[in-house]
Amino acid sequence: MNYFRQLVIAILHPGDGSGSTLDRTNGIAVFLFAILPGLSPNFNGFILLASMLSGIYLLATARFPLNFSKSDRAVAICMTIYPLVMIASIFINPPYSEVADWIFRLLPFFSIWLILPRMRQSPDGRLVPLFILGAGIGMIVTFIISLLQIMFLMERAEAGTSNAALLGIIGLLFGGVALLNVQSPKSVEQRIAILGYAAGLGCVLLSGTRSAWLAIPVHLVIFLWYFRKHSFHLSLRSLAITGSLLFAGLIALGSGQIIHRIEALQENMAALERSEGEITSLSARVALYKGALSAISKDPLTGYGPQNRMASVLAELPDSMRPYLTFSHVHNGFLTAGIDAGVVGIAALSLLLLTPVIAAWKKEPGPGRDLSIALALLLTSSYVVTGSVGIMFNQKALDPIFAYMVALICLDRGSTGFAPVVRS
């Protein structure tokens, strides 16, 4: 309990000085943003929107300068291209009844211009460790809720997300982020890192999100690269024993869900081979992909606009299938972007997905750069792998998370070393 009392002090009382008030609110916002995704992802959108509005006010009243480096501007411009392309496609393709709604959905991708200067009012090396620690704590609480759901209520865990697939993506990403805290010299933070990662994997398994399962080996490669370059304060023997026990426990706990989802996939594949017109999760995806590719081939330059997305896809499919395909996207982020804005949309999406890596890569060499690259690779791989067969963007939780994390990746200099949140 003494550690958590010190943690509250570290967040609420970061020190005196001209920037202490902004630093304190930055710390609270970043810490909550890391904790909340699996519990109530709508609050992530509220935090981002509040940060944007306060950024507008503080910049307008000259409380601090825009303070963008050359690399910051490059990242912000690359990130802004995607929403501008989508807004252009909305105006190119009528009807215009949903213009305001779609522009509002795209606001998170403009946020870096407003929230990064505000984040810079905190000292280098303060906010990113807070985010990593918060991710671990949030995943532990989210896993407990997910486990209770599986035990008493649901076939697939959702925690506070109201969507099992969304929980799987959040567990994958934030569990991975949490594990980076193994490098902390604080034993409590090390334990939170390991438990947070295990909890994140537990959420992935209990949610039954098969696309997130595919990304786990990719994350393991990222961890091997990062931890080989940076020592951590656990003995390899202790880590191996702890990891093996946790892994065995997760497999035992999630074995029912794993078997159920594998059997469901096998049944879907068998139904697809029978070609009897049966609509399953797999056959629906195949139909959506075919319809999307056909629609894109007919208008590859400008697309149809997000407001016409599903209408344009369904128009390419047989009448008998349309009533069963009540989706808002085609379960592939790249094809969705192609429907919305043609090949330009796919290119803009690809550039958007690369912005975290660009932000990290352009830093000067040092421990801060390596940590940023690890965060960037975890973020980009999570979205690319899961979004290739499921949801990616145009989602009220995933858009703010991506935008906020890109700003955090930009934040520290490459030479900034990692420091624990509680330093006493």
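Going by the structure above, here's the rest.
Just so it is clear, the structure is predicted and the values come from calculations on it, not from any experiment.

This paragraph deals with the overall build of the protein chain. Looking only at helices and strands, the protein chain has 16 helices and zero strands in total. The buried share of the protein chain, taken over its 424 residues, is 54%. For the protein chain, restricting intrachain contacts to residue pairs at least 6 apart in sequence, the fraction spanning at least 24 positions comes to 79%. Surface exposure of the protein chain reaches about 18,200 Å², of which carbon and sulfur atoms provide 67%.

On to helix H15 (residues 367-387). A rise of 1.5 Å per residue sets the reference length of H15, with its 21 residues, at 30 Å; its end C-alpha atoms lie 30 Å apart and thus fit the reference within 8%. Here H15 lies mainly inside the structure; 17 of its 21 residues are buried.

Residues Ile144, Leu148, Met151, Phe152, Leu153 and Met154 make up a contiguous nonpolar surface patch of about 650 Å² in total accessible area. Within the fold, Leu148 resides in helix H7 (residues 127-152).

Further remarks concern the packing of helix H4 (residues 70-92) against helix H5 (residues 99-106). Two elements in contact, H4 and H5, have axes separated by 10 Å at closest approach and are oriented at 175°. In terms of axis orientation, H4 runs roughly antiparallel to H5. Here H4 contributes Tyr82, Pro83, Met86, Ile87, Ile90 and Phe91 to the contact with H5, which in turn contributes Val99, Trp102, Ile103 and Leu106. Class assignment of the residues belonging to the contact of H4 with H5 gives a composition of ten nonpolar, no polar and no charged.

It is worth spelling out the pattern of salt bridges at this point. Scanning the model with the defined rule gives six salt bridges in all. Asp101 is the salt-bridge partner of Arg105, the closest N and O atoms lying 2.9 Å from each other. One end of the pair is Arg105 and the other is Asp101, both in helix H5 and four residues apart, which spans about a single turn. As a salt-bridge pair, Arg413 and Asp124 come within 2.3 Å of each other at their nearest N and O atoms. Taken together, the residues span a long stretch of sequence, with Arg413 in the segment after helix H16 (398-411) and Asp124 in the loop between helix H6 (112-119) and H7 at a distance of 289 residues. The class of Arg413 is partly exposed, set by a relative accessible area of 47%.

Here the focus is the nonpolar core. The biggest cluster of nonpolar side chains holds 106 residues, and the ones touching the most others in it are Leu180, Tyr383, Phe393 and Tyr404. Counting residues per element, this core draws most heavily on H16, at twelve residues. Excluding its chain neighbours within four sequence positions, the residues that come into contact with Tyr404 are Ala29, Val30, Phe33, Ile47, Leu48, Ile115 and Met119. In this structure, Leu314, Met321, Leu335 and Ile339 belong to the second largest nonpolar core, which totals 16 residues.

Procedures and definitions
- Residues numbered from 1 in each chain as written.
- Predicted model: local features only at pLDDT ≥ 70, side-chain atom pairs only at ≥ 80, totals over all residues.
- Heavy atoms only, no water.
- Helix = DSSP H or I, 4+ residues; strand = E, 2+ residues; numbered from the N terminus.
- Buried < 20%, exposed > 50% of the residue type's maximum accessible area, 1.4 Å probe, protein only.
- Contact = heavy atoms within 4.5 Å.
- Areas by Shrake-Rupley, 256 points an atom, 1.4 Å probe, with all protein chains shown as cover.
- Expected span 1.5 Å × (residues − 1).
- Patch = residues over 30% accessible without salt bridge, like charges linked within 9 Å, V, L, I, M, F, W, Y side chains within 5 Å.
- Salt bridge = Lys/Arg side-chain N within 4 Å of Asp/Glu carboxyl O.
- Axes fitted to C-alpha atoms, helices over the stretch in contact; angles between N-to-C directions.
- Parallel < 35°, antiparallel > 145°, perpendicular 65-115°, else oblique.
- Nonpolar A, V, L, I, M, F, W, Y, C, P; charged D, E, K, R; others polar.
- Core = buried A, V, L, I, M, F, W, Y, C linked by side-chain atoms within 4.5 Å.

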